[in-house]
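Fold and contact review
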Amino acid sequence: MDSRQLESLTGTAARAGGKSYTAVRHELVSGDILCFRGRGLVSGAIRWLTRSPYSHVGLVYVFKQRVFCLEATGIGVHLILMSELVKRYHGGIDYYALRDVPPESRDAAIDFGFGQLGKLYDHAGILRFFWFLLVGARRRSRERSFWYCSEIVAECYRAAGVTLVPGRVGYVSPADLAASPRLAFAFRIKRD
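The following paragraphs examine the structure supplied in this document.

Calculation rules
Residues numbered from 1 in each chain as written. Predicted model: local features only at pLDDT ≥ 70, side-chain atom pairs only at ≥ 80, totals over all residues. Heavy atoms only, no water. Helix = DSSP H or I, 4+ residues; strand = E, 2+ residues; numbered from the N terminus. Buried < 20%, exposed > 50% of the residue type's maximum accessible area, 1.4 Å probe, protein only. Contact = heavy atoms within 4.5 Å. Areas by Shrake-Rupley, 256 points an atom, 1.4 Å probe, with all protein chains shown as cover. Phe/Tyr/Trp six-rings, centres within 6.5 Å; stacked < 30°, edge-to-face > 60°. Pairing = 2+ DSSP bridges. Core = buried A, V, L, I, M, F, W, Y, C linked by side-chain atoms within 4.5 Å. Salt bridge = Lys/Arg side-chain N within 4 Å of Asp/Glu carboxyl O.

Here we come to the overall build of the protein. Check the secondary structure of the protein and you find eight helices and nine strands. Taken across its 192 residues, the protein has 48% of its residues classed as buried. Taking the intrachain contacts of the protein between residues at least 6 apart in sequence as the baseline, contacts between residues at least 24 apart amount to 72%. With an accessible surface of roughly 9600 Å², the protein has 56% of that area assigned to carbon and sulfur atoms.

Here the focus is the packing of aromatic side chains. Overall, the coordinates contain eight aromatic pairs when judged by the stated rule. Pairing Y61 with F114 gives two aromatic rings, centres 4.7 Å apart and planes at 65°, and the pair type is edge-to-face. Separated by 53 residues along the polypeptide, Y61 in strand β3 (residues 56-63) and F114 in helix α5 (residues 103-115) bring together distant segments of the chain. By relative accessible area, which is 15% here, Y61 ends up buried.

Of all eight residues in β3, six are buried; the element is thus mostly enclosed. Two elements, β3 and strand β4 (residues 66-73), share five bridges in a ladder whose sense is antiparallel. Opposite L59, over in β4, you have L70 as the bridge partner. In this structure, the hairpin formed by β3 and β4 is closed by a connection of two residues, where K64 is found at a positive phi of approximately 50°.

Another point: the nonpolar core. In this structure, I33, L59, V153, Y157, L164 and L177 are the most contacted members of the largest nonpolar core, which totals 34 residues. Looking at this core, the elements with two or more residues in it are β2 (33-38), β3, β4, β6 (91-98), α5, α7 (149-159), α8 (174-178) and β9 (183-190). The element contributing the most residues to this core is α7, with six residues. With sequence-adjacent residues up to four places away left out, V153 is seen in contact with I33, V57, G58, L59, L164 and L177. In terms of nonpolar packing, the next biggest core, distinct from the first, is built from 17 residues, Y21, V60, C69 and Y89 among them.

Looking at where L85 falls in the secondary structure, it is placed in helix α4 (residues 82-88). Residues L85 and C69 lie 16 residues apart in sequence; the distance between their C-alpha atoms is 8.1 Å. Not counting the four nearest positions on each side in its chain, L85 is found in contact with F36, C69, E71 and I80.

Before going further, it helps to spend a moment on the pattern of salt bridges. Throughout the structure, instances matching the rule amount to six salt bridges. Among the charged side chains, a salt-bridge network with shared partners connects R37, D94 and R188.

Here it is as structure tokens:
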């Protein structure tokens, strides 16, 4: 799926207005993926460079009827309550359900992500990613103590034995994840 097809698919939800977080929170499943349409300067650069509607991704984690997002942001890898994230986030949040991924693989992906909590954001890696997008130069090895958002989501599932982006050895963008054959766009989440 190219970026135009992706935008067309997710644009339909935007025109429909999405669904309030309160209405859909019970539908969110651990291991599913959230794709964010950021409006800031860095988000705009990521969206432009990747020719994508998305600038950020995170994993859903449900624990004792609380819904969290496991993500890598400028402060590092952390968990945030979805209710707080939805209130604070200025941009769209699209929900993607995983297809044909058993609960054990979802749990293993989340376990890997939990093992990364507190690790720092990969500022140098995001710069290398931008360089890769601009000129195609790719660095094969990387330090596993720093992460950026789409990289950690892809790696969580790779560690669980699930390939989300076939044929991608190097950098993975939010658009690559959204276009994964293992993901199905479900709905857009909006503030209550």
